[in-house]
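One letter stands for each residue in the lines below.
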Amino acid sequence: MPDWIIILIKSAILLLVVVTTFAYSMLAERKVLGWMQLRPGPNRVGPWGLMQPAADAAKLILKEDLTPRTADPLIYRLAPFISLLTAFSVYAIIPFGASSAGTWAIGNVNAGILFLLAITSIGVYGITLGGWASGSKYPLLGSVRATAQMISYELGMSLSFIGVLILAGTTSLDGIVNAQAKWWFVVPQFIGFIVYIITAVAETNRVPFDLVEAETELVAGFHTEYSGLRFGLFFIAEYVNMLTVSCIASLLFLGGWNAPFGLDNLHVPGVIWFIIKVGFFMFFYMWLRATLPRFRYDRLMAFGWKFLLPLATLNLVVTAIIVAYMGH
Amino acid sequence: MAAFWILGITLIGSAIWCITNTKPVYSVVALLLNFAALAAMYLTLNAEFLAVIQMIVYSGAILILFLFVIALLSSGVTPFSVGPNKLPRIGIPAVVVLLIALGFLTYAVNRVTANAFANTSPTSPVGPVGTAGVFGSVADFGKALFTTYLLPFEITALVLMVAVIGVILLAGDQAPYVASQKQAEEVRREMREAILRGGE
Amino acid sequence: MRKQLYNVGAILKGLSITFKFMFAKRPTIEYPSIKKQHAPRFHGLHELRRYADGKERCIGCELCSSACPANAITVIGAENSPENRKSPGERHAARYEIDELRCIFCGMCEEACPTDAIVLTPRFEMSDYRRGALIYSKDRLLVPPEAGVGTAPDERPNGIPADLGRVAEVKSTVDVDEGYNATNRGQVLKVQRKGLAILKRDD
């Protein structure tokens, strides 16, 4: 078979997996939020509400697709696709496991982690353009907030990566995971890990950093005017981004598909460990959402620039000095 | 080769779209497309690192700030009104300046010999960007930046720092409402008294 | 610094609380499939009662209609004729309509009724897509002859009618008899019924 057919098949399977994961992480989020708020969560559609995602999808597809008269029609329609495209294209390079035949990934890019940053930095365009093109004030405010927040926190996020890159000595995700065979980077890079977790929540615009949506102030923020499937695309992009940052956290700090605590003898496939780690981060997201209130906007900016960025820089400098003196 | 032609046409087309469009946001979208196509072009040349940096720096940081400003300044969707065409008047000076600049550039390129890049020149055009000796490798790039070109690098950093300090001075971290703690106390006391008076 | 550390501690404490709540017992009663036990004096859909011999209790006196604060009740009385006797008295209700959309379920009709004919049952599920369907006329209000005479409010068991489905086991906080008898309305009804019984015995 030619290479491109294999890549096509791989992509189709991965797309299916990611979309299914999105559907059920959405259900899981609603369930977990329900339990934490002493509610049962969705349980009407199918056994234990397991068909809820299908019902939601049907509802979103059948809803009327509105375009406000003041909206810019082209960009208004384009924006959700930019969000979705960037959210999904990251999975081209994320490795899920490894076997003797090689890494389980569609493409193994050597500049892996940088490529990832490049793609996610495009993701903000969907939100910014969507909010601007809606031609109404709340989405505009939401999108302006989104832009400021995402470019501010992206700096801290990138700096928290660099500590890991210095320790691993490579930019390929594959290599970073292999470098963690002995020690997970969460131990030497604990500060980097904390900074990453916080900035990742902010990058995906989730509670407590969901100022972009902030329903108490901005109705629904950047997607106020969106309805039906177009809103659904933003929704999918948000959850897929959550999944992405969970995958990155597992790969960079928790050893990817390496077994924890020397449990190598169990012969569990690496991909299972990976799924467990990603699942933990997804749960952590929901847990945060059920617990923390939203940041105030000026506090958010101050926290990002005056606390996280210096902390990440300090961590980077200390790591660099230690590595320079002691070698890898 | 097919990739080159598709990307080339996209690049030129989006560039033309960018400068001919009357709506600034459309120009930004065209420029975004342009940058993406350029990054893809770098990828076809095996310059992974350059492609990635192109995306991170230009699309992810600079262009989004353009968009930020445009969204804030012209929140409406109406295009700019077309003023009188001033292009013919600046045509001749522009050509003269361009020719002079081109002359300087040719002179500079001729003077700089290939030896300047000798200690960082790649030994292999293709390979993982992480390893040294490969074209566009992260390691060589970093080494060159911090050894051979340390002075220009630091000067650039200083220039950027000056810009940042300037911005902070202009936009300021001044307290928005009160100048001092004392004044804040005063304002608070006045507010308390106003409340006690019954909100007159 | 100490304050910042305290803040981190507060976040962790919050996280622990929400985590604990995940496994706590949920108070939700999943309504359409499981119904909550209503209070003993719950006011729901009206019912027109009968005597044991099948005659209607309503005598068409319109007291309920005039007592109704929402003007929801329409009664048009008619004379009983010897060959077509619908109620024991001289008159009966030819038409008896309640607009349940106007009704505020206060129970004043029940208190005003001299013959204990109109009572409020605990039935509450009567939504419909048509407004007209919520104007209940006599054919739907009157207890069908085969279903007995209808139950007086103070004799009603605590709970919801058996045909409404599964009942959630909720601890009853009210002693039905004690609670009901202690109220003025319970006393009035009891006296009224006693009086009717005396009257009946005299017959």
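Residues numbered from 1 in each chain as written. Chains lettered and ligands numbered in written order. Predicted model: local features only at pLDDT ≥ 70, side-chain atom pairs only at ≥ 80, totals over all residues. Heavy atoms only, no water.

### Some details on the overall build of chain A
Here comes step 1: In terms of regular secondary structure, chain A is built from eleven helices and two strands.
Here comes step 2: Helices and strands appear in chain A in the N-to-C order α-α-α-β-β-α-α-α-α-α-α-α-α.
Here comes step 3: For chain A, the C-alpha atoms occupy an extent of roughly 60 × 50 × 45 Å along the three principal directions.
Here comes step 4: With 328 residues in all, chain A has 56% of them scored as buried.
Here comes step 5: For chain A, long-range pairs separated by at least 24 residues make up 77% of all intrachain contacts whose partners lie at least 6 apart in sequence.
Here comes step 6: For chain A, the computed accessible surface area is about 14400 Å², with 72% contributed by carbon and sulfur atoms.
Here comes step 7: Once the 20 positive and 17 negative side-chain charges of chain A are each reduced to a mean point, those two points are 6 Å apart. (Helix = DSSP H or I, 4+ residues; strand = E, 2+ residues; numbered from the N terminus. Buried < 20%, exposed > 50% of the residue type's maximum accessible area, 1.4 Å probe, protein only. Contact = heavy atoms within 4.5 Å. Areas by Shrake-Rupley, 256 points an atom, 1.4 Å probe, with all protein chains shown as cover. Lys, Arg positive; Asp, Glu negative; His and termini not counted. Charge placed at Lys NZ, Arg CZ, Asp CG, Glu CD.)

### Side note on the domain arrangement of chain A
Much of the literature gives interface size as the accessible area that the parts lose upon coming together.
All names here are of chain A.
Here comes step 1: For chain A, the domain assignment lists domain 1 (1-62) and domain 2 (66-327).
Here comes step 2: Just the C-alpha atoms count here: the centres of domain 1 and domain 2 sit 20 Å apart.
Here comes step 3: The interface is formed by 18 residues belonging to domain 1 together with 21 residues belonging to domain 2.
Here comes step 4: In this assembly, domain 1 packs against domain 2 so that about 1800 Å² is buried in total across both faces, 83% of it on carbon and sulfur atoms.
Here comes step 5: Interface area lost by domain 1 to domain 2 is led by Phe22, Glu29 and Leu60, which between them contribute 32%.
Here comes step 6: Taking the shortest distance from any N to any O, the salt bridge between arginine 206 and glutamate 29 comes out at 2.5 Å.
Here comes step 7: Summed over the shared surface of domain 1 and domain 2, the result is four residue pairs in polar contact (both at pLDDT 80 or more).
Here comes step 8: Elements with a minimum of two residues in the side of domain 1 that touches domain 2: helix 1 (3-36) and helix 2 (52-62).
Here comes step 9: Among the elements that take part in the side of domain 1 that touches domain 2, helix 1 stands out by supplying 16 residues, more than any other. (Domains from an automatic or database assignment. Buried area = accessible area lost by both parts, 1.4 Å probe. Salt bridge = Lys/Arg side-chain N within 4 Å of Asp/Glu carboxyl O. Polar contact = N/O pair within 3.5 Å; in protein donor to acceptor, adjacent residues only side chain to side chain.)

### Examining the nonpolar core
Here comes step 1: Counting 120 residues, the largest nonpolar core has A:Tyr91, A:Ile113, A:Tyr125, A:Leu129, A:Tyr196 and A:Leu252 as its most contacted members.
Here comes step 2: Each residue touching A:Ile113, except ones within four places of it in the same chain, is listed here: A:Phe161, A:Leu165, A:Thr171, A:Leu173, A:Ile248 and A:Leu252.
Here comes step 3: Counting residues in each nonpolar core, the second largest holds 23 residues, with C:Val75, C:Ala117, C:Met126 and C:Leu141 among its members. (Core = buried A, V, L, I, M, F, W, Y, C linked by side-chain atoms within 4.5 Å.)

### Some words on the sheet that holds strand 3 (residues 73-79) of chain C
Here comes step 1: Strand order across the open sheet formed by three strands is 3-4-6 (chain C), with antiparallel pairing between neighbours. Single-partner strands in this sheet number two, and they are strand 3 and strand 6 (135-136) of chain C. (Pairing = 2+ DSSP bridges.)

### What about empty space enclosed by the protein?
All names here are of chain A.
Here comes step 1: One pass over the full model with this rule turns up seven cavities of 30 Å³ or more.
Here comes step 2: The space that makes up the largest cavity amounts to roughly 310 Å³.
Here comes step 3: Together, 23 residues line the largest cavity, and Ile127, Met150, Glu203, Ala237 and Asn241 are the ones closest to its centre.
Here comes step 4: Breaking the lining of the largest cavity down by element, the ones donating at least two residues are helix 3 (73-89), helix 4 (112-133), helix 5 (137-168) and helix 9 (228-252).
Here comes step 5: If one sorts the elements of the lining of the largest cavity by residue count, helix 9 sits on top with eight residues. (1 Å grid on protein atoms, 1.4 Å probe; cavity = no way out; pocket = protein on both sides within 12 Å on 5 of 7 lines; lining within 4 Å. Points joined across faces, edges and corners; volume = space filled by probe spheres on them.)

### Quick look at the interface of chain C and chain A
Here comes step 1: Across the boundary between the two partners, chain C contributes 14 residues, which contact 14 residues of chain A.
Here comes step 2: Interface area for chain C against chain A, summed over the two sides, is near 1300 Å², with a carbon-plus-sulfur share of 72%.
Here comes step 3: Its largest share of buried area at the contact with chain A, chain C owes to C:Leu15, C:Met22 and C:Arg26, together 40% of the area lost on that side.
Here comes step 4: Here chain C and chain A share zero salt bridges between them.
Here comes step 5: One can count three residue pairs in polar contact (both at pLDDT 80 or more) joining chain C with chain A.
Here comes step 6: Of the residues that constitute the side of chain C that touches chain A, the class distribution is seven nonpolar, four polar and three charged. (Nonpolar A, V, L, I, M, F, W, Y, C, P; charged D, E, K, R; others polar.)

### Here's the deal with the side chain of C:Glu47
Here comes step 1: With respect to the element layout, C:Glu47 can be found in strand 2 (residues 46-48).
Here comes step 2: The buried category is assigned to C:Glu47, whose relative accessible area is 19%.

### Considering a nonpolar patch on the surface
Here comes step 1: Taken together, the side chains of A:Leu314, A:Val317, A:Val318, A:Ile321, A:Ile322, A:Tyr325 and A:Met326 make up a nonpolar region of the molecular surface, amounting to roughly 780 Å² of accessible area.
Here comes step 2: The topology assignment puts A:Val318 in helix 11 (residues 297-326). (Patch = residues over 30% accessible without salt bridge, like charges linked within 9 Å, V, L, I, M, F, W, Y side chains within 5 Å.)

### Remarks on helix 1 (residues 2-20) of chain B
All names here are of chain B.
Here comes step 1: Across its 19 residues, helix 1 extends 27 Å between first and last C-alpha, which sits within 8% of the 27 Å expected from 1.5 Å per residue.
Here comes step 2: Listed as buried for helix 1 are Leu7, Gly8, Leu11, Ser14 and Cys18. Down the axis of helix 1, the smallest arc covering the buried residues is 140°, so these residues share one side. Within helix 1, the exposed residues directed more than 90 degrees away from the buried face are Ala2, Trp5, Ile6, Ile9, Ile12 and Thr20.
Here comes step 3: Against helix 2 (24-44) lie the buried residues of helix 1. (Expected span 1.5 Å × (residues − 1). Arc of directions from axis to C-beta.)

### Side note on the confidence of the model for chain B
All names here are of chain B.
Here comes step 1: Mean pLDDT over chain B stands at 75; residues scoring 70 or higher make up 74%.
Here comes step 2: Looking across chain B, the model is least confident in helix 7 (residues 181-197), with a mean pLDDT of 75, and most confident in helix 1, with 87.
Here comes step 3: Here the complex is predicted with pTM 0.73, and the ipTM for its interfaces comes to 0.78. (pLDDT = per-residue confidence, 0-100.)

### Topic: the side chain of A:Thr244
Residues and elements named next belong to chain A.
Here comes step 1: You can see threonine 244 is positioned in helix 9.
Here comes step 2: Assessed through its relative accessible area of 2%, threonine 244 is described here as buried.
Here comes step 3: If we skip the residues at most four places from it in the chain, threonine 244 touches Ala87, Val90, Tyr91, Ile94 and Leu116.

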